[in-house]
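Structural description and commentary
As a plain string of letters, each chain reads:
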Amino acid sequence: MREPRGHVSSEQYDSWCAVQCADIEIVDGIVIARPGTSKRHKRLARLLANALDAAGGSEWNVDTDFDVRLQDVPLNNRRPDVVVYRAETIDESPTRPADVLLLAEVVSPGSETTDRVVKLDQYATAGIPFYWRIEQAAGVVPIVHTYVLDPASRRYRVGEVFTGLVKATAPYPVEIDLSSL
């Protein structure tokens with residue numbers, strides 16, 4: 001498959017098939033290839049999504065690896081590892097920030113700066129209420145850094161940091177055992 005070049009509009013992107021969109025993100029209208037993820041990365045994202053889904057109740061869905069449209073012009077589409085979003089919007093595409101409660105990113109080699117700085121700012125500017133960044137390393141229990149949006153400043157304030165067992169109350173009470181990874 002040939003990778004698109006130049007600026008991409010939301011209309012162009014929306015006309016592409018799922019295969020064309022699967023391994024890319026769009027930042028300021030430019031196609032960005034996402035680095036491949038390890039089995040450990042995928043497992044951690046799935047474990048987190050399953051725990052959040054079990055805790056969330058019927059008003060929210062939790063899924064992995066799909067587009068969240070942060071803005072249309074210039075086009076900014078991100079593909080977080082875990083997305084908690086309003087259940088009634090399951091058939092709406094693209095998913096918009098107003099329908100998202102929490103985005104979580106598992107940091108991988110090659111995505112450190114993007115996940116720690118760039119996405120933190122983009123998600124806050126878009127108004128996503130909660131952001132979790134999960135740091136992982138082989139043989140080490142993952143560390144979950146949580147952030148809570150200050151709606152007035154559109155900036156995140158640092159929340160709790162968890163390792164091994166996540167016992168968070170925001171966005172809703174959840175307990176996740178990460179020590180088995």
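Residues numbered from 1 in each chain as written. Predicted model: local features only at pLDDT ≥ 70, side-chain atom pairs only at ≥ 80, totals over all residues. Heavy atoms only, no water.

**Some points on the overall build of the protein chain**
- Across its full length, the protein chain holds four helices and 12 strands.
- Taking 2.2 N^0.38 as the reference for a compact globule, 181 residues should give roughly 16 Å; the C-alpha atoms of the protein chain span a radius of gyration of 16 Å, in line with that estimate.
- By principal-axis analysis of the C-alpha atoms, the protein chain measures approximately 45 × 35 × 30 Å.
- In the protein chain, which comprises 181 residues, the share counted as buried stands at 49%. (Helix = DSSP H or I, 4+ residues; strand = E, 2+ residues; numbered from the N terminus. Rg over C-alpha atoms; globule rule 2.2 N^0.38 Å. Buried < 20%, exposed > 50% of the residue type's maximum accessible area, 1.4 Å probe, protein only.)

**A word on the confidence of the model for the protein chain**
- Per-residue pLDDT for the protein chain has a mean of 87; in total, 93% of the residues score no lower than 70.
- Per-element averaging of pLDDT across the protein chain places strand β11 (residues 165-168) at the bottom with 72 and strand β6 (residues 82-86) at the top with 96. (pLDDT = per-residue confidence, 0-100.)

**Considerations on the packing of aromatic side chains**
- One pass over the full model with this rule turns up six aromatic pairs.
- Aromatic pair Phe66 and Tyr85: ring centres 5.3 Å apart, planes at 80°, arrangement edge-to-face. Note that Phe66 is positioned in the loop between β3 (60-63) and β4 (68-71) and Tyr85 in strand β6, a separation of 19 residues in sequence. Tyr85 matches Phe66 in its accessibility class, with the two residues each being buried.
- Members of the aromatic cluster, joined through ring pairs, are Tyr123, Tyr131, Tyr147 and Tyr156. (Phe/Tyr/Trp six-rings, centres within 6.5 Å; stacked < 30°, edge-to-face > 60°.)

**Section: the pairing of strand β8 (residues 130-137)**
- The element β8 is extensively covered by neighbouring structure, given that seven of its eight residues are classed as buried.
- In this sheet, β8 lies alongside strand β7 (residues 100-106) in parallel orientation, the contact comprising five bridges. The partner of Leu102 across the bridge, within β8, is Phe130.
- After leaving β7, the chain enters helix α4 (residues 112-126) and then returns to the sheet as β8, a path that is right-handed.
- By the bridge criterion, seven bridges tie β8 to strand β9 (residues 140-150) in an arrangement that is antiparallel. (Pairing = 2+ DSSP bridges. Right-handed = clockwise from strand over helix to strand, strands pointing away.)

**Description of the sheet that holds β9**
- Strand order across the open sheet formed by six strands is β3-β6-β7-β8-β9-β10, with mixed pairing between neighbours. Of all the strands in the sheet, just β3 and β10 (155-163) have a single pairing partner and so form its edges. Here the average twist between neighbouring strands, direction ignored, is 15°.
- In terms of strand pairing, β9 meets β10 through seven bridges, oriented antiparallel. Along β10, the bridge assignment pairs His145 with Val161.
- Contacts between helix α3 (residues 39-56) and the sheet are confined to β3, β6, β7, β8 and β9, with β8 contributing the most and set at about 145° to the helix. (Axes fitted to C-alpha atoms, helices over the stretch in contact; angles between N-to-C directions. Contact = heavy atoms within 4.5 Å.)

**Side note on α3**
- Under the 1.5 Å per step criterion, the end-to-end length of α3 is 25 Å for 18 residues, consistent within 8% with the ideal 26 Å.
- Looking only at α3, the buried set comprises His41, Leu44, Ala45, Leu48, Ala49, Ala51, Leu52 and Gly56. All buried residues of α3 lie within an arc of 165° about the axis, which places them on one face of the element. Facing away from the buried side of α3 by over 90 degrees, the exposed positions are Lys39, Lys42 and Ala54.
- Buried positions along α3 lie against β3, β6, β7, β8, β9 and β12 (174-177).
- Once α3 finishes, Gly57 follows within two positions and takes phi at roughly 80°, a positive value. (Expected span 1.5 Å × (residues − 1). Arc of directions from axis to C-beta.)

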